[in-house]
Amino acid sequence: MENILLQPSYFSPIAQYAAILQSKHVCFELADHFQKQTYRTRCYIYSPHGKQLLNVPIQHAKNGKKTKTKDVKIDYQTAPWQKIHLKSLQAGYRSSPFYEYYEDDLSAIFQKKHLYLFDLHLDVHEFVMEALEEKCEFTTTQTFDKHVLGKKDLRNLVNAKEASTLEFPNYVQMFDKRHGFLENLSVLDLLFMEGPAASIYLLKIDFTK
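Residues numbered from 1 in each chain as written. Predicted model: local features only at pLDDT ≥ 70, side-chain atom pairs only at ≥ 80, totals over all residues. Heavy atoms only, no water.

So, the overall build of the protein chain
Stated precisely, the cut-off is as follows: Counting from the N terminus, the helices are DSSP H or I runs at least four residues long and the strands are E runs at least two residues long. Within these notes, the globule rule equals 2.2 Å times the number of residues to the 0.38 power, and the radius of gyration is based on C-alpha atoms.
Of the regular secondary structure elements, the protein chain holds seven helices and six strands. N-terminal to C-terminal, the α/β element order of the protein chain is β-α-β-β-β-α-α-α-β-β-α-α-α. For 209 residues, the compact-globule estimate of 2.2 N^0.38 gives 17 Å, and the C-alpha radius of gyration of the protein chain, at 17 Å, lies within 12% of that figure. With the C-alpha coordinates aligned to their principal axes, the bounding extent of the protein chain is approximately 45 × 45 × 30 Å.

The following block contains the structure:
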């Protein structure tokens, strides 16, 4: 793929990073109105009990007006979500092959108080790309266009409820003997199990079907 248009998300699902690695340029959508229950604020990991949701709380507009993605702020008052997320990752992956290699950088992200959700997205994206030992040039949108030209529109990958038509080859997961293979989890699941070799897996996912 040449150029793609994606929604920024929180520790994105595997499908998003497969698209990123298979493209020459990424454009992140920031000019749309924020939508709930998407990967913008959530990711799914493999816990000892199966699939687990991690969700970032956000501040909601009091006037009921829609908020653009670029203007969404994180809520630090309702719950200590950073501690919860880090402890959940430790519980699920501390004994995985590569968790210790990324633990310090990961912990540093959760120690910051990002004001805007997109600031967190960028920090997370940089972490993932460094972990994959890959580079990614990206831009952001200034205006919203329902139909885009010159880019492959993959904004739908951010919808957590939308079933993906992609096929995800099996790889060894922490609790697959207990709960089976769980596809398209957060890219963290793949990183903790495969390390930099996760890039090889991501390049195998076929977007042409």
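Regarding the nonpolar core
Which entries qualify depends on this criterion: Working definition of a nonpolar core: buried Ala, Val, Leu, Ile, Met, Phe, Trp, Tyr and Cys residues. They are joined through side-chain atoms within 4.5 Å. Whether a residue is buried, partly exposed or exposed follows from its accessible area with a 1.4 Å probe, protein chains only, as a fraction of its type maximum: under 20%, in between, or over 50%, in that order. Contacts are assigned to residue pairs that have any heavy atoms within 4.5 Å of one another.
Membership of the largest hydrophobic core comes to 63 residues, with the highest contact counts inside it found for Tyr10, Phe11, Leu89, Leu106, Leu120, Leu132 and Leu202. Residue contacts for Leu202: discarding those within four places in its chain leaves Ile14, Tyr17, Ala18, Leu21, Gln22, Leu132 and Leu190.

Observations concerning the state of the cysteines
Basically, it comes down to this: Disulfides are defined as pairs of cysteine sulfur atoms found within 2.5 Å of each other.
Applying the stated criterion across every chain, the model contains zero disulfides. Take Cys27: it sits in no disulfide, and the sulfur closest to it among the cysteines is that of Cys136, at 11 Å.

A short note on a negative patch on the surface
Heads up, the rule is: For patches, a residue must show more than 30% relative accessible area and have no salt bridge; joins then use 9 Å for like charges and 5 Å for nonpolar side chains, namely Val, Leu, Ile, Met, Phe, Trp and Tyr. In these tables, accessible area is a Shrake-Rupley quantity obtained with a 1.4 Å probe, and a residue counts as shielded only by the protein chains included in the view. Whenever Lys or Arg places a side-chain nitrogen within 4 Å of a carboxyl oxygen from Asp or Glu, that contact is recorded as a salt bridge. Charge convention: Lys and Arg are scored as positive, Asp and Glu as negative, and His as well as the terminal groups of each chain are ignored. All charge positions are set by atom: Lys at NZ, Arg at CZ, Asp at CG, Glu at CD.
Residues Asp104, Asp105, Glu126 and Glu130 make up a contiguous surface patch of negative charge. Those elements giving two or more residues to the negative patch turn out to be α3 (99-111) and α4 (117-132). By the element assignment, Glu126 lies in helix α4. Accessibility expressed as a relative area gives 46% for Glu126, which makes it partly exposed.

Notes on the side chain of Ser9
Selection criterion: Under this definition, polar contacts are N or O atom pairs within 3.5 Å; protein pairs additionally need one hydrogen-donor-capable and one acceptor-capable atom, and for neighbouring residues in sequence, both atoms have to be side-chain atoms.
The topology assignment puts Ser9 in the loop between β1 (3-6) and α1 (14-21). Here Ser12 takes part through its side chain, which lies 2.5 Å from a polar atom of the side chain of Ser9. In terms of polar contacts, Ser9 uses its side chain to reach the side chain of Gln16, at 3.2 Å. Each residue touching Ser9, except ones within four places of it in the same chain, is listed here: Gln16, Tyr39, Arg40, His121 and Val158.

Quick look at the pattern of salt bridges
One pass over the full model with this rule turns up seven salt bridges. Two residues, Arg155 and Glu29, come together in a salt bridge whose shortest N-O distance is 2.8 Å. Residue Arg155 is located in the loop between β6 (152-153) and α5 (176-179), and its partner Glu29 is located in the loop between β2 (25-28) and β3 (42-47); the two are separated by 126 residues in the primary sequence. Considered together, Arg155 and Glu29 belong to a single accessibility category, that of buried residues. Residues Asp153 and Arg155 are paired through a salt bridge, measuring 2.7 Å at the closest nitrogen-oxygen approach.

A short note on the packing of helix α2 (residues 81-93) against α3
Short version of the rule: Helix axes are fitted only over the stretch in contact, all axes being lines through C-alpha atoms; the angle between N-to-C directions runs from 0 to 180 degrees. Here the word oblique covers every angle except those under 35 degrees (roughly parallel), over 145 (roughly antiparallel) and from 65 to 115 (roughly perpendicular). In this count, Pro and Cys sit with the nonpolar residues alongside Ala, Val, Leu, Ile, Met, Phe, Trp and Tyr, while Asp, Glu, Lys and Arg are called charged and the others, Gly among them, polar.
It is the contact of α2 with α3, at a shortest axis distance of 10 Å, that shows an interaxial angle of 170°. It follows from the interaxial angle that α2 and α3 lie roughly antiparallel. Note on element contacts: α3 touches α2 through Tyr99, Glu103, Leu106, Ser107, Ile109, Phe110 and Gln111, opposite Trp81, Gln82, His85, Leu86, Leu89, Gln90 and Tyr93. A class-by-class count of the residues in the contact of α2 with α3 yields eight nonpolar, five polar and one charged.

Some remarks on the environment of Leu203
Along the chain, Leu203 falls in helix α7 (residues 198-204). For the pair Leu203 and Ala19, spaced 184 residues apart in sequence, the C-alpha to C-alpha distance is 8.4 Å.

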